[in-house]
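Coordinate inspection notes
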Amino acid sequence: MSRTVTIEPITRIEGHAKITILLDEQQQVADARFHVTEFRGFERFCIGRSFWEMPGITARVCGICPVSHLIASSKAGDAILGVRTPETAVALRRLMNYGQLVQSHALSFFLLSGPDLILGMDADPASRNLVGLIRERPELARAGIRLRSFGQQLIRALGERSIHPSWSVPGGVRRPLAAAERDRLLGRLPEMYRTVDRALDLMKETLDRFHDELPAYGDFPSLFLGLVGPDGGLEHYDGLVRVIDAEGRVLEAGLEPERYEEIIAEAEQPWTYLKFPYYRPLGLEDDRGMYRVGPLARLNVCDFAGTPRADRELRQFRHYGGSGRPVTGSFYYHYARLIEILFSLERIEELLADGILVDHHIRSRADVNQNVGIGVSEAPRGTLFHRYRVDDDGILEDVNLLIATGQNNLAMNRTVRQLARHFIRDGRLEEGLLNRIEHGIRTFDPCLSCSTHVVGQMPLLVELRGPGGELLERIERR
Amino acid sequence: MTTDKRKIRLATAWLGGCSGCHMSFLDLDELLIELAGRVDLVYGPLVDAKQFPEEVDLTLVEGAVTNVDNLQLARIIRSNSRVVVGFGDCAVTGNVTSMRNRIPVRDLLTAVYRQARAPIGEEALKDLPALLQQALPLHQAIAVDVCLPGCPPSPERIAAVVTALLDGEPVALDAAMRTFG
């Protein structure tokens, strides 16, 4: 008899979701789906408010990566003002963004996925968590907590609070970094480097240990999308959108982020609140337009990292792809996250030593000069776009948030199917198997808090055609 | 509970919110290690329990009640927990999560999902919990023992409340710790 297996809720991820696995008459996996069950509706209820409020409101999309929304929203605001944002403000925003990458990636590696990677996929579920990790490996747990804490302290040093700081605003930022804070942060860096080095060693051991089952955790061809700097380097604040395929061929070398709607379209399914963005030129059929974003994608699309330690590590990372091809296994997201922590620490060190931070010109002031503003930022989980249309008074008429986790939706579903087919045989289910399927989702570190607030701002065109291809009806929305 | 060597059973829950309160809880940083020695974390986004367990001493509930699943979980939390804390502004007042309340749910969904296959209607409700017409603060769904305000509450506030409750002391936050936002 065919039956359905439900994993609900998926635990140790940042959001509300479940997985259903459908077994056929022969008890083999017919289909598996990743459902996002939460919905909040920011894009609708923000209409009618002022764009000045948006950094503060949209930070509340997500308590895990509020800084990403703060920055994307402020940058959309910069575009509406049509001003040049002071260099110091840009440097300070970059600094805060690196702080967030550190804290969010450390959270994912040590606190959410760490129990699986360190205690084991089959460890007792009652202690396969942060508390269990603290008991079994107290020093490692402490180091991980302190690494995350460093990122949070950096955010607090700039914005007065680590979660939802009301600091970055259209035109710049509200306050500079105090010299005492700068010195305190610099003093903590050596310990943070040691922790990342240790985590990288642990990661490589883990890759060896998981060698046999690793290809089941979402290893398949897909496109990869991320920002790169004008020189092709790893980039998290500005830059150009690059898209490559699974062979490493470049499909978009460097698209202006403002033009993202030309290459990204969104589909919907009745069984999830999370949409399915895809690469428009290749379409949705057979997942041809499926792409991945986030640390794995960013390391795949960039030509180099741009800092010494991260570049050294990136060269090792690339061996896992082989002969110029991208790394296609989702399990390597974990490794990519650690390399990005290392890169962020190096950039933080550079920025803290840069004299530009002490300049007091940190905000440009203007009124509405443009009616549409698009802001982009590389959030920990991938490329984040905010697009606002305002009237001449700055009142929002239209809001679109294209969020990282949504862009991984097709790939997360593919991963769940791959894992279910690999690990479920003859309808036999064991706790450890279900945990492996959940872990497949954890590799993406999905932020469902963010992802369920997406509005499709793509102009909608539905065409109904008859058997001979003749147009019967056509519905268009803006 | 001075003679009772049993660890205190602590749960956390995340209803309709942004997880900022849970992140602020993690900002307790190394205090977490101390806490891990005193409590068993029996439910929440950080642990693998699928069902809300019985006989929980203390539950921190983040977020507003926004859909039927939240409502059901809130009721189970109430009946299985000795002390329930409204954890953060969304749980206490509805906050940003309730900004949708002036818009009918159907309008909200059709504005967001513009294609015919949108998760609206009966087919969607097979897989997804129905949204309540209004996002409710927790106390409108169940009785709440302690309100811990803030968007999110700072780690200092969380430490003050959790420590008092674990010690069996009354929770008394000074005025500066009772602000919203």
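Residues numbered from 1 in each chain as written. Chains lettered and ligands numbered in written order. Predicted model: local features only at pLDDT ≥ 70, side-chain atom pairs only at ≥ 80, totals over all residues. Heavy atoms only, no water.

The next thing to look at is unusual backbone geometry. In the segment running from Glu-8 of chain A into Pro-9 of chain A, the intervening peptide bond is cis, with an omega of -10 degrees. The residue after Cys-151 of chain B, namely Pro-152 of chain B, is reached through a cis peptide bond having omega -10 degrees. Position of Pro-152 of chain B relative to the elements: it lies in the loop between strand S7 (146-148) and helix H7 (155-166). A positive phi angle, near 50 degrees, is found at Glu-55 of chain B, a position not held by glycine. Among the secondary structure elements, Glu-55 of chain B is positioned in the loop between strand S2 (39-43) and strand S3 (56-62). (Helix = DSSP H or I, 4+ residues; strand = E, 2+ residues; numbered from the N terminus.)

Let's shift gears to the interface of chain B and chain A. By convention, interface size is frequently given as the accessible area that disappears when the constituent parts associate. Contact with chain B, which involves 53 residues of that partner, is made by 69 residues of chain A. A combined buried area of about 5500 Å² lies between chain B and chain A, and 55% of that area is made up of carbon and sulfur atoms. For the pair chain B and chain A, the interface holds nine salt bridges. When the shortest N-O distance is used, the salt bridge between Asp-40 of chain B and Arg-135 of chain A registers 3.6 Å. Connecting chain B to chain A are 26 residue pairs in polar contact (both at pLDDT 80 or more). Looking at the side of chain B that touches chain A, the elements that each hand over two or more residues are helix H1 (20-26), helix H2 (31-38), S2, helix H5 (105-112) and helix H6 (122-127) of chain B. Residue classes in the side of chain B that touches chain A are distributed as 30 nonpolar, nine polar and 14 charged. (Contact = heavy atoms within 4.5 Å. Buried area = accessible area lost by both parts, 1.4 Å probe. Salt bridge = Lys/Arg side-chain N within 4 Å of Asp/Glu carboxyl O. Polar contact = N/O pair within 3.5 Å; in protein donor to acceptor, adjacent residues only side chain to side chain. Nonpolar A, V, L, I, M, F, W, Y, C, P; charged D, E, K, R; others polar.)

In this section: the pattern of salt bridges. Enumeration according to the criterion identifies 42 salt bridges over all chains in this entry. A salt bridge links Arg-387 of chain A to Glu-261 of chain A; its shortest N-O distance comes to 3.2 Å. Of this pair, Arg-387 of chain A sits in strand S13 (residues 382-390) while Glu-261 of chain A sits in the loop between strand S8 (250-255) and strand S9 (264-267), placing them 126 residues apart in sequence. Considered together, Arg-387 of chain A and Glu-261 of chain A belong to a single accessibility category, that of buried residues. In this structure, the salt-bridge partner of Glu-397 of chain A is Arg-389 of chain A, at a minimum N-O distance of 3.4 Å. It is possible to trace a salt-bridge network through shared partners that takes in Arg-12, Asp-116, Arg-128, Glu-438 and Arg-442 of chain A together with Asp-48 and Lys-50 of chain B. (Buried < 20%, exposed > 50% of the residue type's maximum accessible area, 1.4 Å probe, protein only.)

With that out of the way, let us pick up the packing of helix H7 (residues 138-159) of chain A against helix H8 (residues 179-209) of chain A. All names here are of chain A. The contact between H7 and H8 brings their axes to 9 Å, and the two run at 145 degrees. As for how H7 packs across H8, the hand of that crossing is left-handed. On H8, the residues touching Glu-139, Leu-140, Ala-143, Arg-146, Leu-147, Ser-149, Phe-150, Gln-153, Leu-154 and Ala-157 of H7 are Glu-181, Arg-184, Leu-185, Arg-188, Leu-189, Glu-191, Met-192, Thr-195, Val-196, Arg-198 and Leu-202. A breakdown of the residues in the contact of H7 with H8 according to their chemical character gives eleven nonpolar, three polar and seven charged. (Axes fitted to C-alpha atoms, helices over the stretch in contact; angles between N-to-C directions. Left-handed = near helix turned anticlockwise from the far one by under 90°.)

All names here are of chain B. Burial of strand S5 (residues 81-87) is extensive: six of the seven residues sit out of reach of the surface. With three bridges connecting them, S5 and S7 associate as parallel partners. Counterpart to Val-85 in the pairing with S7 is Val-146. (Pairing = 2+ DSSP bridges.)

By themselves, these are just geometric observations and shouldn't be taken as functional.
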